[in-house]
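Chain and residue survey
The primary structure of each chain is shown beneath.
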Amino acid sequence: MIYGSTKCAIEYAQRGAIDEWIQLFLRNEGVNVALADGLLEKKRYYIGPVVTDISEFGIEEGAPSYLTKENDIAWFFHVVDKMKIAYGDWDFPPLIVFYSAGKYEIADGRHRNEAFRQMNIKQVPVIFWTDTEEDFRYMIEHTSSMGMNLG
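Residues numbered from 1 in each chain as written. Predicted model: local features only at pLDDT ≥ 70, side-chain atom pairs only at ≥ 80, totals over all residues. Heavy atoms only, no water.

Mapped onto the elements, Met83 comes out in helix α4 (residues 70–86). Considered as a pair, Met83 and His111 are 28 residues apart in the sequence and their alpha carbons are 7.9 Å apart. The contacts of Met83, once residues within four sequence positions are left out, are Trp90, His111, Arg112 and Ala115. (Helix = DSSP H or I, 4+ residues; strand = E, 2+ residues; numbered from the N terminus. Contact = heavy atoms within 4.5 Å.)

Put into structure tokens, the structure is as follows:
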């Protein structure tokens, strides 16, 4: 099974197992094992996938500021360009976004986010996660007004 797709994420979400999908996706071929491990350290609250307007996140445009070497920045945009080419033929995985106290951080999907931004695509599937019940309640209310819940 291909875990890196929105279709697969929706299937897991419909079974109430989006946390399991996240672990399988992040560990599949070593996509982001460090994030997968970190998510297991304490209780997390997940919402989604939800189709939402990614322009509301306030995420910096372009390569992430933590990339400082010219080769790393060039590679980032190389991957973004490949994603843009594959866009029509690819059931891309949802972005995984951390929400805390009014701020959003893309935990997995910076390349996809930048590709969408460059293609002027704003409505994309997102899985949100929070660490607190308060943020979780806010996100449940907020995501119901943002867009369509796919899970």
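With respect to the helices and strands, Asp19 occurs in helix α2 (residues 18–27). For the pair formed by Asp19 and Met139, sequence separation is 120 residues and the distance between their alpha carbons is 16 Å.

Time to look at the layout of surface pockets. A water-sized probe, rolled over the atoms, reveals where empty space remains. Counted as a void, the largest pocket has a volume near 390 Å³. For the largest pocket, the lining is made up of 18 residues, of which Asp108, Gly109, Arg110, His111 and Arg112 are closest to its centre. Element by element, the count of residues in the lining of the largest pocket is highest for α4, at four residues. Computed from the structure, the second largest pocket encloses a volume of approximately 210 Å³. What lines the second largest pocket is simply Ile54, Ser55, Phe57, Gly58, Ile59, Glu60, Glu61, Asn113, Arg117, Asn120, Ile121 and Lys122. Grouping the amino acids of the lining of the second largest pocket by side-chain chemistry returns four nonpolar, four polar and four charged. (1 Å grid on protein atoms, 1.4 Å probe; cavity = no way out; pocket = protein on both sides within 12 Å on 5 of 7 lines; lining within 4 Å. Points joined across faces, edges and corners; volume = space filled by probe spheres on them. Nonpolar A, V, L, I, M, F, W, Y, C, P; charged D, E, K, R; others polar.)

Purely spatial values, then, with no claim about function.
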